[in-house]
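Coordinate analysis (summary)
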Amino acid sequence: MDSKPIRERRRRPHEPTTRDLTDLNRRLYATERRLRQVEAALNEVARRSGGVSVSHPCTRCGGSLLVVVDGELRCPACGVRERL
Ligand SMILES: [Zn+2]
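Residues numbered from 1 in each chain as written. Predicted model: local features only at pLDDT ≥ 70, side-chain atom pairs only at ≥ 80, totals over all residues.

Turning next to the overall build of the protein. Summing up its helical and strand segments, the protein has one helix and four strands in all. Overall, the protein shows an N-to-C arrangement of helices and strands of α-β-β-β-β. Residue burial in the protein is summarised as follows: out of 84 residues, 5% are buried. Sequence separation of at least 24 residues holds for 0% of the intrachain contacts in the protein that already meet a minimum separation of 6. (Helix = DSSP H or I, 4+ residues; strand = E, 2+ residues; numbered from the N terminus. Buried ≥ 20, exposed ≤ 12 C-beta atoms within 10 Å, placed from the backbone. Contact = placed C-beta atoms within 7 Å.)

Taken together, the four strands give an open sheet; going across it, the order is β1-β2-β3-β4, and neighbouring strands pair in antiparallel fashion. Edge strands, defined here as strands with exactly one partner in the open sheet, are β1 (52–57) and β4 (81–83). Across this sheet, the average inter-strand angle for adjacent strands is 30 degrees, counted without regard to direction. In this sheet, β4 lies alongside strand β3 (residues 72–74) in antiparallel orientation, the contact comprising three bridges. In the strand pairing of β4, Arg74 is matched with Arg81. (Pairing = 2+ DSSP bridges. Axes fitted to C-alpha atoms, helices over the stretch in contact; angles between N-to-C directions.)

When the terminal C-alpha atoms of helix α1 (residues 18–49) are compared, their 46 Å separation across 32 residues agrees well with the 46 Å that a helix rising 1.5 Å per residue should span. The element α1 is largely exposed, with a buried count of zero among its 32 residues. Phi for Gly50, located one or two positions after α1, is positive at around 75 degrees. (Expected span 1.5 Å × (residues − 1).)

Residue Asp70 is not a glycine yet carries a positive backbone phi of 50 degrees. Along the chain, Asp70 turns up in the loop between β2 (65–69) and β3. For Asp70, a count of 10 C-beta atoms within 10 Å corresponds to the exposed category.

With that out of the way, let us pick up the pairing of β2. In the case of a regular strand, side chains alternate between the two sheet surfaces. For β1 and β2, the ladder comprises four bridges, and the chain directions are antiparallel. Bridge pairing in β2 links Val54 to Val67. For β2 and β3, the ladder comprises three bridges, and the chain directions are antiparallel. Paired with Val68 across the bridge in β3 is Leu73. Counting the residues that bridge the hairpin from β2 to β3 gives two residues, and of these Asp70 lies at a positive phi of roughly 50 degrees.

Okay, structure coming up:
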């Protein structure tokens, strides 16, 4: 068996440049803005549909906000249902 140590290439972690951080900040701002737009539209759609509302994030999977319908909290992502 070859006991020669495997030579590892030591790579320095990528250090972000100012340009990277500026770009990241711009993308984060755009994503947060988009999220607020989607939440506002979703709440309006839920309000207009009657009997449906949007609640807090699913504590089971975190994949979606829970939807309140017919006296139940439902998660569209994992399917969990809880009676209110
Ligand atoms: Zn879920």
